[in-house]
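# Coordinate analysis (summary)
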Amino acid sequence: MQEKIIILDYGSQTTQLIGRRIRELNMYCEIAPYNKFPENDPTVKGVILSGSPYSVNDVNAFKTNLSGIRKKYPVLGICYGAQYLAYSSGGKVEPAGSREYGRAHLSKLNENNPLFKNIKAGTQVWMSHGDTITALPETFQVIASTDDVKAAAFNIAGEPTWGVQFHPEVFHTEDGVKLLDNFLNICGCAKDWTPASFIESAVEDLKKRLGNDKVILALSGGVDSSVTAVLLNKAIGKNLTCIFVDHGLLRKNEFENVLKAYENMGLNVIGVDARSKFYKELERVADPETKRKIIGKGFIDVFDEEAHKLKDIKWLGQGTIYPDVIESLSITGTVIKSHHNVGGLPEKMNLRLIEPLRLLFKDEVRRVGYELGMPKNLIARHPFPGPGLGIRILGDITPEKVRILQEADDIYMTLMREWDLYDKVWQAGAILLPIRSVGVMGDERTYENTITLRAVTSTDAMTADWAQLPYDFLAKVSNEIINKVKGVNRVVYDISSKPPATIEWE
């Protein structure tokens, strides 16, 4: 059985980041709501208590009965988690004189404590809390301080329980990953969670669950559905049928290129050209949410029609990944949004769901893809919205607008790769604005369309900054688009960050 670390989520924005850091150390972990600890699970090796937007003194603060956890497992409390350990044992947590936020350095660090093995005094950490521990219970021993925080880290005498009032999971804590690794060593973790081990266990599990049953899978050309397809194909071979729908809003030549790539990987793929259907249903529709709904429903209808041509299908494969699973439940267990890639299909088609990637983060999906031998052009692709260019064409959609945007976007993506910039940004794309402006070409005045270029850097898309692409590169892209794409006479670059803007325009 796969051993694991349990991360109890108290609502912190960095809880997923803790999970990613643990996974990067080749240790499997699961994130559970603060009140849903998996009791009597023999595979649990240790417990991490996350941060929280609440103060432990708030009436509505999330609180856990730790009596069945402490002393039974090694425990690490982070920020709120550390404060809750102190508070629930009779200590005091009070508002700090000023909010303790930003860089700090650990002093009076007990380098002999196993949590700080190979970490030296003076190391930089990242603070982010409005409260601070002002009085520790008698058995709590301070093992590190900063200039402003006496109990920056503590260890409880007689039990393997630690607390830190800083965030080891964030980039700005210099030895944060080392601290987490030390905690895993304290827990006695084997740290054998690797792409190869995942593939081996996943394929074995898929064979047992599916037997000789047949599965259909909707392919989008994206990373998640592609890796799902190859993993399922490795397990059940010809019993997997993939359906790739061209809604007419893909990038230039993407339908043909991706279909060929899938076939070269030995996948059984049905390609469906449904462009005319989508263009007709989107005619004169400008509202972005309405466009999304039309595209989503249209996809379901096409997929359903193709699936019913097949016989004895019992399962629907989906590329659901771990952040989707986590975000589909609030920490109180209430469903807040659905992340099914093809919403409504299981109910409509009476199929059972199979989601082989539901335990993986996005970066792990890519690592598994490479381990499976998949081509880089599929694995290292930028995220691309499900509605495709439908939400990158602002206003109504026409075949001519699609042509213009596909041509401009193709020039942009081609030059991004030629200038070795594609892999240095999280996501990039072109947007066609519903704005025409005056220009001059040759001896004639023009009145044509405007293209916006967008490129952002990010780690998880929750926040993003605009990519500072070289001026000579932007000049080259602008010149190529204006000279080669009929219907465009102006190119602009979006320098908005998220927040307050979003990555996509619609």
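Presented here is a report on the structure given in the accompanying data block. Remember, it's a predicted structure, so these values are computed and weren't measured experimentally. (Residues numbered from 1 in each chain as written. Predicted model: local features only at pLDDT ≥ 70, side-chain atom pairs only at ≥ 80, totals over all residues. Heavy atoms only, no water.)

## Comments concerning the overall build of the protein
Applied cut-off: Segments assigned H or I by DSSP are reported as helices when at least four residues long, segments assigned E as strands when at least two residues long, and all are numbered from the N terminus. C-alpha atoms define the radius of gyration, and 2.2 Å times the number of residues to the power 0.38 defines the globule rule. Contact definition: two residues touch when any of their heavy atoms are within 4.5 Å. Charged residues are defined narrowly, with Lys and Arg counted positive, Asp and Glu counted negative, and His plus the chain ends left uncounted. Working definition for charges: the position is that of NZ of Lys, CZ of Arg, CG of Asp or CD of Glu.
Check the secondary structure of the protein and you find 14 helices and 18 strands. Taken over the C-alpha trace, the protein has a radius of gyration of 26 Å; the compact-globule value for 506 residues is 23 Å, and the two agree within 12%. In terms of overall dimensions, the protein has C-alpha extents of about 80 × 60 × 40 Å along its principal axes. Taking the contacts inside the protein whose residues are at least 6 apart along the sequence as the reference set, 73% of them involve residues at least 24 apart. For the protein, the separation between the mean place of its 61 positive charges and that of its 64 negative charges on side chains is 2 Å.

## What about the sheet that holds strand S10 (residues 214-219)?
Spelled out, the test is: What makes two strands pair is DSSP finding at least two bridges between them. Axis lines are fitted to C-alpha atoms, over the contacting stretch for helices. Their N-to-C directions set the angle, which ranges from 0 to 180 degrees.
Here five strands make up an open sheet; going across it, the order is S12-S11-S10-S13-S14 and the pairing parallel. The open sheet is flanked by strand S12 (269-273) and strand S14 (352-354), the only strands paired with a single partner. Averaged over all pairs of adjacent strands, the angle between their axes in this sheet comes to 30°, without regard to strand direction. Across the sheet, helix H4 (residues 195-210) is in contact with S10, strand S13 (313-317) and S14; its angle to S14 comes to roughly 165°.

## Examining helix H1 (residues 15-24)
How we decide: Each residue's exposure class comes from its accessible area (1.4 Å probe, protein chains only) as a fraction of the maximum for that residue type: buried when under 20%, exposed when over 50%, partly exposed otherwise.
Where burial is concerned, most of H1 is hidden: seven out of the ten residues are buried. Asparagine 26 sits one or two residues past H1 and shows a positive phi near 65°.

## Digging into the packing of helix H5 (residues 223-236) against helix H11 (residues 362-371)
This is how it is decided: Our angle categories are set so that under 35 degrees counts as roughly parallel, over 145 as roughly antiparallel, 65 to 115 as roughly perpendicular, and the remainder as oblique. By definition, turning the near helix anticlockwise from the far helix through less than a right angle yields a left-handed crossing, and turning it clockwise yields a right-handed one. Gly counts as polar in this scheme, as do all residues outside two lists: the nonpolar Ala, Val, Leu, Ile, Met, Phe, Trp, Tyr, Cys and Pro, and the charged Asp, Glu, Lys and Arg.
One way to put it is that H5 packs onto H11 with a least axis distance of 10 Å and a crossing angle of 45°. As judged from the angle between their axes, H5 and H11 are oblique. Pair H5 / H11 crosses with left-handed handedness. When H5 is examined against H11, the residues Val223, Asp224 and Val227 are found in contact with a partner set consisting of Lys362, Val365, Arg366, Val368 and Gly369. In terms of residue class, the contact of H5 with H11 is made up of four nonpolar, one polar and three charged.

## Brief notes about H4
What counts here: Multiplying 1.5 Å by the residue count of a helix minus one yields the expected span of that helix. The arc refers to the directions leading from the helix axis to the C-beta atoms.
With 16 residues, H4 extends 22 Å from end C-alpha to end C-alpha; this agrees with the ideal 22 Å at 1.5 Å per step. Every buried residue belonging to H4 is among Pro195, Phe198, Ile199, Ala202, Val203, Leu206 and Leu210, and all of these are buried. Down the axis of H4, the buried side of the element spans an arc of 125°, and every buried residue falls inside it. More than 90 degrees from the buried face of H4, the exposed residues found are Glu200 and Lys208. Its buried side turned inward, H4 meets S10, H5, S13, S14 and H11.

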